[in-house]
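Next come the chains, spelled out residue by residue.
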Amino acid sequence: MHGTILKTAEGYLRATRGADGWAAIAAAANLPPDGIIAMRPYPDRVMTALLAAAASHTGRAPSDLLEDMGTWLCTDPANEAVRRLFRFTGPTFPDLLYSLDDVPERARMAVPDLDLPELSLVEQGEGRYRVASTWPLKGAGSVIVGVLRALADDYGALAVVAHEGRREARGFWVEMLSIRLLDEGFQDPKGFALGGAA
Amino acid sequence: MSMMGLRLGRAGADRLMPMHLVLDEEGDVLHAGPALEKIAGRSLAKRPMEEVLRFCRPYAASTPDSFAPLAGRALQVELLGAGEGRRPVPLRAVLVTLPQGGALLHLSPGVRLARTVRDHGLDATDFSPVDPSVELLFMCEAQALVRGELERLATGGTRASDWTSRKPAAPGEASAIAAALTGAMDSTAFGFVRISTAEPGAQTRERLREMAARSLRDRDTILDTPDGLLLVVADGEDGAVATVAARLRGRLHRLAEDGLLSQVEVAAWGAARCDEEEEGDLPAAAPDGYAYGARAASLPRAGSAAVGG
C-alpha cells in the first residue's frame, strides 16, 4: 500500500472530521506515531485498520466512507490538481470512461511505485457501460463510484453510476460498477484548460 | 494533397496534423492546419510564406528554393504573427517536398509545449489524438502535484475544507435542468425534487433511494447526484411534485427522529406550483403511518419554488 493512498484517506478524514476526529481515528488505528509518509510503502493492514477505525468513529460503513472519499477527491478545492489530472483524459465524459483502463499507468507516470486499481471498461451500447475494478483490498470500487459521479458532474454529463457488487478471487477483490450515461451535455462543464496549471 | 497514390483531404490532414502547412511551388500557403492558425491568430491561406514563416535553424530564405535542402531535417522555425504586437512563435518542424511541387510542413511546439498551450489557449482538439503532447502536459501537472505534496509534507498540515457545509443547488437551476431533460423524459410537464445531504455516501444514498422509490410511480425517475438524489416527477401537474416532496419530508422526519438520517434537505420545483397541501396523482400512502405533514418536519429544508408554466 503506497503512502499516497493512505495520505489521501488522511486528507479526507481531516477535512470531514477535523483535526480532533483524525487524531482519534489515527490513535484507534494504531498508526505510526510520526504519521503517514506519502512516499513510503506500508503493509495493506494499515489501510484496513484505518478504514475500520474511521467506520467505527463515524458510524458509517467503510464502503460509504470510500465513496465519499472518491467524491471529495475530485470536488474539494484543495484537490483541484487531481480533478485536472482526470480531465486530461479527454474532452468528454465518454473519453474519460474510455481511458479508465489507463488510470494505473497514468498514476505510475506521476509516482512510479503507486499501484491503483486495475480498471476494465466494457461498453454495452446505448450509453451503458460496466467497469470491473480489481485491487487487493475491498472497497476500491466504492471510491471509483464516488470519483465517476463527481467527474460526470464536472464534465456536465448526466450519468447514473452504481456499485453492482463484489467478490474475492485469488487474493483480489473484483468489484463491478454500472454506468448509464443519460445526457452527455446535461449542463455546462466545469472549466478546464490544458495549460491552466502549466 | 496527393502522394504516391495516397490522396488526403484537408479535413483528414487537419485531424492528423492540426499544426501543418501546405505550400505551393510558388511558396504561397495553400492550406494551414486549424491549430496553427489558432496560434498565428489569423488565417494563413493564400499568404506568401515569407509573411508566415521564418526558417531559423538551419537558417534559410523563405522561398521555394529552400525546400529541397531542408527536406527531412529537424527544423526550428518561427511562425510570424499579424501586426506589430504579436511576437513570433518558435516551433519545431519537418518539411517534405510534394510530387506536384511545393512542400508540406508538420510543426510542433516542441520543448515550449506548456508555454504555447497556455499562451494560445490550445485544447485537446488542437492535437492529434495519438500525439503524446497531452500526456506530457499531464506528466508536468502530475509531477507538480507530487512536488506540492512533498512541500506540504515538509511544512506539515493539511488544509481544512468546507466539504461538510456544501449547499444544494439553488432552485433557480431548475430552468436549465428542465430544458435539458424536456426531450429525454418524453413528457411535457414534469417537476423535480432534489434531496441533498452533507453525507452523500453509499449507505445514506441507498436509504434515500429506498425511501424515494416508495414515494414515486413507475414512470418517475431517480437520478444520483454528487450530494444526493434528483427525482424527476413525470406529469408533474397540480401538486404531484409538491406531494412527493411532502411525503419525502415526512419520511425524512421520521428517519431523523430515529437518528438514522440528519442534515438532509429537500427542495422541490417544477411545472406546477409546489403546494404541500395538495394530493396529486400518486399512489396511496404507504401503510407505515409516516408523518405526511411537511410542516411538522423539523429538518432544515429549502423552500419550494415555481419555475416555468
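To keep things clear, this report deals only with the structure shown in the data block.

Cut-off values and rules
- Residues numbered from 1 in each chain as written.
- Chains lettered and ligands numbered in written order.
- Predicted model: local features only at pLDDT ≥ 70, side-chain atom pairs only at ≥ 80, totals over all residues.
- Heavy atoms only, no water.
- Pairing = 2+ DSSP bridges.
- Helix = DSSP H or I, 4+ residues; strand = E, 2+ residues; numbered from the N terminus.
- Contact = heavy atoms within 4.5 Å.
- Buried area = accessible area lost by both parts, 1.4 Å probe.
- Salt bridge = Lys/Arg side-chain N within 4 Å of Asp/Glu carboxyl O.
- Polar contact = N/O pair within 3.5 Å; in protein donor to acceptor, adjacent residues only side chain to side chain.

### Things to note about the pairing of strand E8 (residues 103-108) of chain B
All names here are of chain B.
Move 1: Note: strand E3 (residues 20-23) against E8, four bridges, orientation antiparallel. Counted as the bridge partner of Leu23 is Ala103 from E8.
Move 2: For strand E7 (residues 89-97) and E8, the ladder comprises six bridges, and the chain directions are antiparallel. Paired with Leu95 across the two strands is Leu105, which belongs to E8.
Move 3: Between E7 and E8, which pair antiparallel in sequence order, lie five residues; one of them, Gly101, sits at a positive phi of approximately 100°.

### Points about the interface of chain A and chain B
Move 1: Taken together, the contact pairs 45 residues of chain A with 36 residues of chain B.
Move 2: Approximately 3,700 Å² of surface area, both sides summed, lies buried where chain A meets chain B, with 66% of it carried by carbon and sulfur atoms.
Move 3: Of all residues in chain A, the largest losses of buried area upon contact with chain B belong to A:Leu85, A:Met109 and A:Leu194, amounting jointly to 16% of the total for that side.
Move 4: Linking chain A with chain B are two salt bridges.
Move 5: The partner of A:Arg84 in a salt bridge is B:Glu141, and the shortest N-O contact between them spans 2.5 Å.
Move 6: Between the two partners, chain A and chain B, sit two residue pairs in polar contact (both at pLDDT 80 or more).
Move 7: Those elements giving two or more residues to the side of chain A that touches chain B turn out to be helix H1 (3-28), helix H3 (62-75), helix H4 (80-87), helix H6 (103-110), helix H7 (140-155), strand E3 (158-169) and strand E4 (172-183) of chain A.

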